[in-house]
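# A look at the structure
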Amino acid sequence: MCLAVPGRILRVEDRDGALMSMVDFGGIQKDVCLEYIPDARVGEYVMVHVGFAIQRLDEESAKRTLAEFEHLGVLKEEFGDGFELAARQAGLQNPQHTDNGQR
């Protein structure tokens, strides 16, 4: 699944000519490109799709959506270990894990 997920901008910086930010998605932090919303500021909430902020979102809507996504397990699905999720859904052990549980 590939959703647009709301997150709060923590930091904004120019990185090799691209406007980038660190965004918090309910405790999960990821790099996000702000080129589509170049005037976005620290503390604002944005909707992020495939690593790009695509629109602003008010705080109340963002927090409500994040809470619902957390409740439904969407954040783990979207940001978690894809191999682990696929293996679990197939009823198999994650092939990236060795017998002692290490990667």
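Before reading further, recall that the structure is shown in the block above.
In short, a report on the structure. (Residues numbered from 1 in each chain as written. Predicted model: local features only at pLDDT ≥ 70, side-chain atom pairs only at ≥ 80, totals over all residues. Heavy atoms only, no water.)

## A look at a nonpolar patch on the surface
Inclusion rule: Like charges within 9 Å and nonpolar side chains (Val, Leu, Ile, Met, Phe, Trp, Tyr) within 5 Å are joined into patches, using only residues over 30% in relative accessible area that form no salt bridge. Areas reported here follow the Shrake-Rupley algorithm with a probe of radius 1.4 Å; residue values treat only the protein chains shown as occluding. Salt-bridge detection follows one rule: a side-chain nitrogen of Lys or Arg within 4 Å of a carboxyl oxygen of Asp or Glu. Going along the chain from the N terminus, every DSSP run of H or I of four or more residues is numbered as a helix, and every run of E of two or more is numbered as a strand.
Taken together, the side chains of Tyr-36, Val-50, Phe-52 and Ile-54 define a hydrophobic patch exposed on the protein surface, amounting to about 410 Å² of accessible area. Relative to the assigned elements, Val-50 resides in the loop between strand E4 (45–49) and strand E5 (52–57).

## Some points on the nonpolar core
Inclusion rule: Only buried residues count toward a nonpolar core, which is a set of Ala, Val, Leu, Ile, Met, Phe, Trp, Tyr and Cys residues joined through side-chain atoms within 4.5 Å. Only protein chains enter the accessibility calculation, which uses a 1.4 Å probe; a residue is then buried when its area is under 20% of its type maximum, exposed when over 50%, and partly exposed in between.
Counting residues in each nonpolar core, the largest one holds 16 residues, and the members touching the most others are Val-5, Ile-9, Phe-25, Val-32, Leu-34, Val-46 and Ala-53. Where this core is concerned, the elements lending two or more residues are strand E1 (5–15), strand E2 (18–25), E4, helix H1 (59–72) and helix H2 (74–79). For this core, the element with the highest residue contribution is E2, accounting for 3 residues.

## Some details on the packing of aromatic side chains
What counts is decided by this rule: A pair of aromatic rings is counted whenever rings of Phe, Tyr or Trp (Trp by its six-membered ring) have centres within 6.5 Å, and the orientation is called stacked for planes under 30 degrees apart, edge-to-face for over 60 and tilted otherwise.
According to the stated counting rule, one finds 1 aromatic pair in the structure shown. Geometrically, the ring pair formed by Tyr-36 and Phe-52 is tilted, given 5.4 Å between the ring centres and 40° between the ring planes. Here Phe-52 lies in strand E5 and Tyr-36 lies in the loop between strand E3 (28–33) and E4, a separation of 16 residues in the sequence.

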